[in-house]
Amino acid sequence: LHSIYLCPIDPLQHADEFSGVTLGGAAGSSLDSAVLKLGLLYAQGVIRGGNARCRAMLLVYCQLIEEYDPPASVIGDLRPHLDSNLLKPAFQYWTEHCRPHSVSMGNAFTFLKSAVASLERNISLGELKEVLQETIEAYIRERMEFADKAIAGHVSCKIVNGDVLLVYGHSEVILKVLLQQKELNKQFRVICVDSRPLLEGRKTLLALREACIPCTYILLNCISYVMKDVTKVLLGASALMTDGSLLGRVGTACVALTAQRKSVLVCCETYKISNRVQLESITGNELGDPNLVYEGKQESLRMLNLLYDLTPSNYISGIVTEMGIVPPTSVAVLLREMNPNEII
Amino acid sequence: QRGERFADISLAARDRIARVGADFVQDGHVILVHGWSRVVASLLTLASQTKHISVICLEGRPDAAGIKAAKFYDNNGIPTKVVLDSAMGFIMESVDMVLVGAEGVVENGGIVNKLGTYGLAICAKEHGVPFYVAAESYKFARLYPLHQQDLPPMGGLPRIDFVDTACWQATGRKGNDTDGGIPGRVELSTRVEINNPACDFTPAKFITLLFTDLGVLTTSAVSDELIRLYQ
């Protein structure tokens, strides 16, 4: 098992990784308590999902920038100090000591760094705080909230009365789409597919039941049984690769494969588009707590709990972004259009 | 005035398409066409000026547009054959390429065209026959159909009348009638539903290339152009 995986993380390492995270320690001694607190929430899996993690990170940065108080020795250009003493240490701490960052977090951090770099050289402290906070809030508003609304609008014309929609796990934007359809009084029912060990689909199920949407709840192994009744599949995304393949919660690829002859729509905001291409699921994947797979020690048996998988673009009918519905082959075009300033 | 300008643009587009597409037609090729398209016609007449080609037209019921196309190609000196729509599978092994026009080109690179194009495309793919579409760029539409029923409503077409070649078992009459009825007309009770859509949707995966006035495009390039046009 050990030799076939190209995982950059040594599978044996996970044994130590999940012995629990303690606040602070040597790495965290110089960091703000808000950073440590968020790190703990990441490590314990309290905050999950691309949007949630990114939003939490940006709000903590907002707070840190508000409280930013450079020492008197820093004069003139505040930007390098801000970068090396506020932005970088926090991000490094979260990524290395708590949980590897998601693509959404990475893109948002890159955006934040370029926002800092594009500030005036001799900007005053007060103005720096104001501009940066406004930029961060605009990013959250435009690229997450407005994007989700736009996505819901675009998907709306594709969902008709009598539809049987299949959703997998938990996705913020998919939930928003479904709740909006219910508000428009469309007649449809939802099949929620869930999988161990995280069982995130229960969050979706509860929210849908509260809105009185007829639901069916199944685990992933039952999917081929229900697939013949399904009319459309709606999937959320952790990230989109430039070749149009989808990086999502492990199990998404299975759903897309089983739904080959049905319409598979992926709802994803453009800020989650990565400029990488991944060829298969194992490289760069993240390991979860092996004890969740199976408790108990066995001599030569290693538990592997992968968190993400890659769905090839030919299984996806269309990708719904705030720019409209595009074919998977056009993801690279979107990346180019949405980030004209960035040199890829 | 704008109408005239549009007509001029349309003609210029057609010429450009004919020039880029004619290179794909090789000497001795048998080309299968469906429906009547002026773009396709100008492409094939241009190709026939320098190469020996022959054309097979599908009849194109219920409006028999293929007959109109056959008359045109014949008048322009191209050897033409006409087959029934149902012969598309039968004839496919003798065909070197399929060329159709389009009423609309949609965002995912698929096309909306005369009924029968979808079946023809599937048949061509199965036989490894390249399926080309000739369409002007003003036909690109911001639609994203997921399946046949996902097309916008196109207005009802009249109930089909099956004329002259219908067998007597369908008409219920033998020989020539003198009761004033049109020979071959079929009378069906209104309980029998007749579905006669004008167009169908051909997904991008069945289309090899599109010949447009923007050049020769792959199906993925259509979305690229549309994003740029509507940005």
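Conventions adopted
The residue numbering used here restarts from 1 in each chain and proceeds along that chain's sequence as written. The order in which chains are written sets their letters, starting at A; the order in which ligands are written sets their numbers, starting at 1. Selection of residues for local features in this predicted model requires a pLDDT of at least 70, selection of side-chain atom pairs for listing and counting requires 80 or more, and totals for whole chains, interfaces and linings are taken over all residues. Heavy atoms from the whole structure form the basis of all side-chain values; hydrogens and water molecules are not counted. By the criteria applied, helices consist of DSSP H or I runs no shorter than four residues and strands consist of E runs no shorter than two, each listed in order from the N terminus. Each residue's exposure class comes from its accessible area (1.4 Å probe, protein chains only) as a fraction of the maximum for that residue type: buried when under 20%, exposed when over 50%, partly exposed otherwise. Throughout, a residue-residue contact means that at least one pair of heavy atoms, one from each residue, lies within 4.5 Å. Strand pairing follows a simple DSSP-based rule, namely that at least 2 bridges must link the two strands.

K.L.:
Lay out unusual backbone geometry in plain terms, naming residues and giving numbers.
P.N.:
Residue A:P197 is bonded to the preceding A:R196 through a cis peptide linkage, with omega at -5 degrees. A positive phi angle, close to 60 degrees, is found at A:C212, a residue other than glycine. Relative to the helices and strands, A:C212 resides in the loop between α9 (201-210) and β3 (215-219). Phi at B:A64 takes a positive value of approximately 50 degrees, unusual for a residue other than glycine. Topologically, B:A64 is positioned in the loop between β2 (54-58) and α3 (65-75). For B:A64, a relative accessible area of 18% translates into the label buried.

K.L.:
Explain helix α7 (residues 219-229) of chain B residue by residue, including any values.
P.N.:
α7(B) sits mainly inside the fold: eight of its eleven residues count as buried. Among the residues of α7(B), those classed as buried are B:T219, B:A221, B:V222, B:S223, B:D224, B:E225, B:L226 and B:I227. On its buried side, α7(B) packs onto β10 (324-326) and α12 (331-338) of chain A together with β5 (104-105), β9 (209-212) and β10 (215-217) of chain B.

K.L.:
How would you sum up the sheet that holds strand β6 (residues 111-114) of chain B? Please name residues and give values.
P.N.:
Residues and elements named next belong to chain B. If you trace the three strands from one edge of the open sheet to the other, you get β5-β6-β8, paired in antiparallel fashion. Strands at the two margins of the open sheet, each flanked by one partner only, are β5 and β8 (199-202). Pairing analysis gives four bridges linking β6 to β8, with the strands arranged antiparallel. If you follow K114 over to β8, its bridge partner there is C199.

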